[in-house]
Amino acid sequence: ALQDVFEKPIHTPQEEKIYRIQRGDVDQFEEFRHHRRKNLLVAAPVDAPHATAGFLRGLLDPEVLNSARTGEFSFSWKEEVWAREQVFLVLTGRDRDALVDNLRMEADQIYRIVDEARNRRIRKLIYRYGERKNTTAELAETYGWSVRVPFGYRILEAYPDSGFVALAKEEPSRWLFVYWEDGVPPDRLTAEWCIQKRDDITRRFFDRDRIAPGEVATSQTEFVGKLAFVLQGLWENEKKWTGGPFKSYAFVDVYRNRF
């Protein structure tokens, strides 16, 4: 059940998973430095006779334990209990079946908590060498939108009349492009429409790049406060024999009538 929640596959040339579950033993909690891990989950039925359940009972107040026995409590989390940038989660239930049911019921929230913590760590990593604030300001002034441009990126191509700007970084190679278009109603944003639109954009500006057939996953998320479609998969260029992984967000700013 834990693998179902966390080990979501992502489309890359080799199969990868966003997270991998690693089982630990509470009897070796400090010996194996589990308390220093960034993502830490303790899961056990509240009154089970094994060491993990005893460890869990030592973490929770008596009232919380009683709430777990009656089914009123199943899950909680805290940050930086033993280590910086750590997310520590506790999951329990009356018995093993209830524990699994609680995990499945709270799966979206548990995954979101861990994923948002990871994104915060990555954000610090990306900007550890600084930010190109002049480029960020230039984008805002010239095009009416901006992204925080990390050190190392530059504006590679810009076609404002076509609503397209590409930023690039070398060593390792990273590309970010932004495309905008007015007059696209929000209800047009279906998975099929977004896939076709991305192919149209990359065909025009990247010499006929396209999404590799069958190699894309779609989902919905919140992006800068707006509902967005997410496309994640593999792109290819049959002409140049190149390709790789990509991730795209598609959303409409209804106040500006802009996709």
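Every value quoted in this text rests on a predicted model; they were computed, and no experiment measured them.

Asker: Is there a simple way to explain the overall build of the chain in this structure?
Answerer: Tallying secondary structure elements over the chain gives seven helices and eleven strands in all. The principal-axis extent of the C-alpha atoms belonging to the chain is close to 65 × 40 × 40 Å. The buried share among the 259 residues of the chain stands at 36%. The contacts of the chain with a sequence gap of at least 6 include a subset with a gap of at least 24, amounting to 46%.

Asker: Quick question: what am I supposed to make of the environment of Lys226 here?
Answerer: Within the element layout of this structure, Lys226 appears in strand E10 (residues 226-237). Residues Lys226 and Val252 lie 26 residues apart in sequence; the distance between their C-alpha atoms is 7.6 Å. Setting aside residues up to four positions removed in sequence, Lys226 forms contacts with Thr221, Phe251, Val252 and Asp253.

Asker: What is the right way to read the packing of aromatic side chains from this model?
Answerer: Aromatic ring pairs are described here by two measures, namely the spacing of the ring centres and the angle between the planes. In total, this model carries 20 aromatic pairs according to the counting rule given. Residues Tyr143 and Trp180 carry aromatic rings whose centres are separated by 5.8 Å and whose planes lie at 55 degrees to one another, so their mutual orientation is tilted. On the criterion of sequence distance, the pair formed by Tyr143 in helix H6 (residues 133-143) and Trp180 in the loop between strand E8 (174-179) and helix H7 (191-205) is long-range, its members being 37 residues apart. For Trp180, a relative accessible area of 12% gives the class buried. Pairwise contacts between aromatic rings join Tyr159, Phe164, Trp175, Phe177, Phe205 and Phe206 into one cluster. The residue whose ring lies beneath Arg148 is Tyr127, and the NZ or CZ to ring-centre distance is 3.9 Å. Lying over the aromatic face of Phe246, Arg198 brings its terminal NZ or CZ to 3.9 Å of the ring centre.

Asker: Help me understand the sheet that holds strand E3 (residues 39-45), please; the structure alone is not making it clear to me.
Answerer: Either a parallel or an antiparallel arrangement is found when strands of a sheet pair, and the pairing is made through backbone hydrogen bonds. The three strands are arranged E3-E5-E4 in an open sheet whose pairing can be described as mixed. Only two strands of the sheet have a single partner each, and these edge strands are E3 and strand E4 (75-79). Ignoring which end each strand starts from, the neighbouring axes of this sheet average 15 degrees apart. Here five bridges tie E4 to strand E5 (residues 87-93), and the two strands are oriented antiparallel to one another.

Asker: Whenever I open this one, unusual backbone geometry confuses me. Can you help?
Answerer: Across the chain, the bulk of peptide bonds are trans and the bulk of non-glycine residues have phi less than zero. A cis amide bond links Glu171 with the next residue in sequence, Pro172, at an omega value of 0 degrees. Backbone geometry at Glu80 places phi at a positive 55 degrees, although glycine is not the residue there. Notably, Trp241 is not glycine yet its phi reads approximately 55 degrees, a positive angle. Summarising the element assignment, Trp241 is placed in the loop between E10 and strand E11 (242-250). Classification of Trp241 as exposed rests on a relative accessible area of 79%.

Asker: Looking at this structure, I do not really get the nonpolar core. What am I missing?
Answerer: Side chains of a nonpolar character, in soluble globular proteins, are inclined to be buried together. Counting residues in each nonpolar core, the largest one holds 18 residues, and the members touching the most others are Leu189, Cys194 and Phe259. Those elements that provide at least two residues to this core are strand E7 (164-169), H7, E10 and E11. Here this core gets five residues from one element, more than from any other, and that element is H7. With 15 residues, the next largest nonpolar core counts Tyr19, Leu91, Leu99 and Val114 among its residues.

Asker: I tried to follow the side chain of Ser248 on my own but got confused; where do I start?
Answerer: Within the fold, Ser248 resides in strand E11. At 2.8 Å, the side chain of Ser248 forms a polar contact with the side chain of Arg198. Beyond its immediate chain neighbours, meaning those up to four positions away, Ser248 contacts Arg198, Phe229, Val230 and Leu231.

Asker: Got a minute to help me understand the pattern of salt bridges in this structure?
Answerer: Two side chains of opposite charge can pair, provided their charged atoms sit close to one another. According to the stated counting rule, one finds 16 salt bridges in the structure shown. Among the salt bridges present, the one from Arg120 reaches Glu79, with a minimum N-O distance of 2.8 Å. In this pair, Arg120 sits in helix H5 (residues 107-126) while Glu79 sits in strand E4, placing the two residues 41 residues apart along the sequence. One salt bridge connects Arg203 with Asp200, and the closest N-O pair in it is separated by 3.0 Å. Of this pair, Arg203 and Asp200 both sit in helix H7, three residues apart, which is roughly one turn of the helix. Taking relative accessible area as the criterion, Asp200 reaches 27% and is therefore assigned partly exposed.

Asker: I would appreciate a short explanation of the sheet that holds E10 in the present structure.
Answerer: One open sheet holds the three strands; their spatial order is E9-E10-E11, and the pairing between them is antiparallel. Each edge of the sheet is formed by a strand with only one pairing partner; in this case those strands are strand E9 (210-223) and E11. On average, each strand axis in the sheet is inclined to that of its neighbour by 15 degrees, with strand direction left out of account. Where E9 lies against E10, ten bridges are found, and the strand directions are antiparallel. Across the sheet, Ser219 pairs through a bridge with Val230, a residue of E10.

The rules behind each value
- Residues numbered from 1 in each chain as written.
- Predicted model: local features only at pLDDT ≥ 70, side-chain atom pairs only at ≥ 80, totals over all residues.
- Heavy atoms only, no water.
- Helix = DSSP H or I, 4+ residues; strand = E, 2+ residues; numbered from the N terminus.
- Buried < 20%, exposed > 50% of the residue type's maximum accessible area, 1.4 Å probe, protein only.
- Contact = heavy atoms within 4.5 Å.
- Phe/Tyr/Trp six-rings, centres within 6.5 Å; stacked < 30°, edge-to-face > 60°.
- Lys NZ or Arg CZ within 6 Å of the ring centre and 35° of its normal.
- Pairing = 2+ DSSP bridges.
- Axes fitted to C-alpha atoms, helices over the stretch in contact; angles between N-to-C directions.
- Core = buried A, V, L, I, M, F, W, Y, C linked by side-chain atoms within 4.5 Å.
- Polar contact = N/O pair within 3.5 Å; in protein donor to acceptor, adjacent residues only side chain to side chain.
- Salt bridge = Lys/Arg side-chain N within 4 Å of Asp/Glu carboxyl O.

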